[in-house]
Amino acid sequence: MGRWEPGAGGRLREAALDLYLERGFEQTMVADIAERAGVTARTFFRHFADKREVLFGASVELEERSLAALEAAPATASTLDLVATALDAVVDVIGHDREFARKRHAVIMANPDLRERELIKLAHLSAVVADGLRRRGIGDAEASLAAEAGSAVYRVAFQRWADAADGLDLRDAIRRSFAQLRSLTAAD
């Protein structure tokens, strides 16, 4: 989660991802990342708390933007439209660099501990969105269900976007997945 950043942070992120893919996450040390990026280990720690945060550092920004989007949404929006609005804010953070997303995803899928951390981060984001929905007056069960449905929509859409060979963007992939969810639930 996150974008390429200019300067040392971006070089560190790129170097880390390349090394994680070449050597594996566990076999890559912070000193290796710093050396590849042409900076010191101290510079690395100015940008990231540890080598996992190269992959997960945008989590707080995702939560903040999701909540801000929920708060700014019209009072008349349906619960699922509110969740879609929150996910749209997520796209603003992570949907700009498919190659970064693909590399990040490959690193995470290759490491069970990172997969677990990714699921924990997604579950936490879902809980944050559910809490935001509750603050808008949506009942507990409906807020939880909508946020979890949004999480599922995001995971399916992200995979579709990351795997796409065409120009599909993440925002469109999310909209398509929401449309499919609505179609599935309308059929029952």
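Details of the structure are given in the entry above.
The structure reproduced in this document is the subject of the present report. (Residues numbered from 1 in each chain as written. Predicted model: local features only at pLDDT ≥ 70, side-chain atom pairs only at ≥ 80, totals over all residues. Heavy atoms only, no water.)

**Thoughts on helix H5 (residues 59-72)**
Over its 14 residues, H5 extends 20 Å from the first C-alpha to the last, a length consistent with the 20 Å expected when each residue adds 1.5 Å. All of the buried residues along H5 are Ser 59, Leu 62, Glu 63, Ser 66, Leu 67, Ala 69 and Leu 70. Burial along H5 is one-sided: seen end-on, the buried residues are contained in an arc of 160 degrees. Along H5, the residues that are exposed and aim more than 90 degrees away from the buried face are Val 60, Glu 64, Glu 71 and Ala 72. Looking at the packing, one finds that the buried side of H5 touches helix H4 (53-56), helix H6 (79-94) and helix H8 (112-135). (Helix = DSSP H or I, 4+ residues; strand = E, 2+ residues; numbered from the N terminus. Expected span 1.5 Å × (residues − 1). Buried < 20%, exposed > 50% of the residue type's maximum accessible area, 1.4 Å probe, protein only. Arc of directions from axis to C-beta. Contact = heavy atoms within 4.5 Å.)

**Some words on helix H2 (residues 30-37)**
Buried within H2 are the following residues: Val 30, Ile 33, Ala 34 and Ala 37. Angular distribution of buried residues about the axis of H2 spans 95 degrees; they occupy a single face of the element. Residues of H2 that are buried in the fold lie against helix H1 (7-23) and helix H3 (41-47). Within two residues after H2, Gly 38 carries a phi angle of roughly 75 degrees, on the positive side.

**Let's talk about the packing of H5 against H8**
One way to put it is that H5 packs onto H8 with a least axis distance of 10 Å and a crossing angle of 20 degrees. As the angle between them shows, H5 and H8 are arranged roughly parallel. Along this stretch, H5 crosses H8, giving a crossing that reads as right-handed. The residues of H8 that touch H5, namely those facing Ser 59, Leu 62, Glu 63, Ser 66, Leu 67 and Leu 70, are Lys 121, His 124, Leu 125, Val 128, Val 129, Gly 132, Leu 133 and Arg 135. Along the lines of polarity and charge, the residues of the contact of H5 with H8 split into seven nonpolar, four polar and three charged. (Axes fitted to C-alpha atoms, helices over the stretch in contact; angles between N-to-C directions. Parallel < 35°, antiparallel > 145°, perpendicular 65-115°, else oblique. Left-handed = near helix turned anticlockwise from the far one by under 90°. Nonpolar A, V, L, I, M, F, W, Y, C, P; charged D, E, K, R; others polar.)

**Brief notes about empty space enclosed by the protein**
Per the counting criterion, the structure on display carries three cavities of 30 Å³ or more. Empty space within the largest cavity amounts to approximately 110 Å³. Every residue lining the largest cavity is counted, 13 residues in all, and those nearest its centre are Leu 87, Leu 125, Ser 126, Val 129 and Ser 151. Only H6, H8 and helix H9 (140-163) provide two or more residues apiece to the lining of the largest cavity. Here the residues of the lining of the largest cavity sort into nine nonpolar, four polar and no charged. (1 Å grid on protein atoms, 1.4 Å probe; cavity = no way out; pocket = protein on both sides within 12 Å on 5 of 7 lines; lining within 4 Å. Points joined across faces, edges and corners; volume = space filled by probe spheres on them.)

**Comments concerning the pattern of salt bridges**
Opposite charge on two side chains permits pairing when their charged atoms draw close. In this structure the tally under the stated criterion is 15 salt bridges. Residue Arg 36 is joined to Glu 22 by a salt bridge in which the shortest nitrogen-to-oxygen separation is 2.8 Å. Taken together, the residues Arg 36 in helix H2 and Glu 22 in helix H1 connect sequence positions 14 residues apart. Residue Asp 32 is joined to Arg 23 by a salt bridge in which the shortest nitrogen-to-oxygen separation is 3.0 Å. In this structure Arg 23 comes out as partly exposed when scored by relative accessible area, which is 41%. A single network of salt bridges, built from pairs that share partners, joins Asp 88, Asp 92, Arg 171, Asp 172 and Arg 175. (Salt bridge = Lys/Arg side-chain N within 4 Å of Asp/Glu carboxyl O.)

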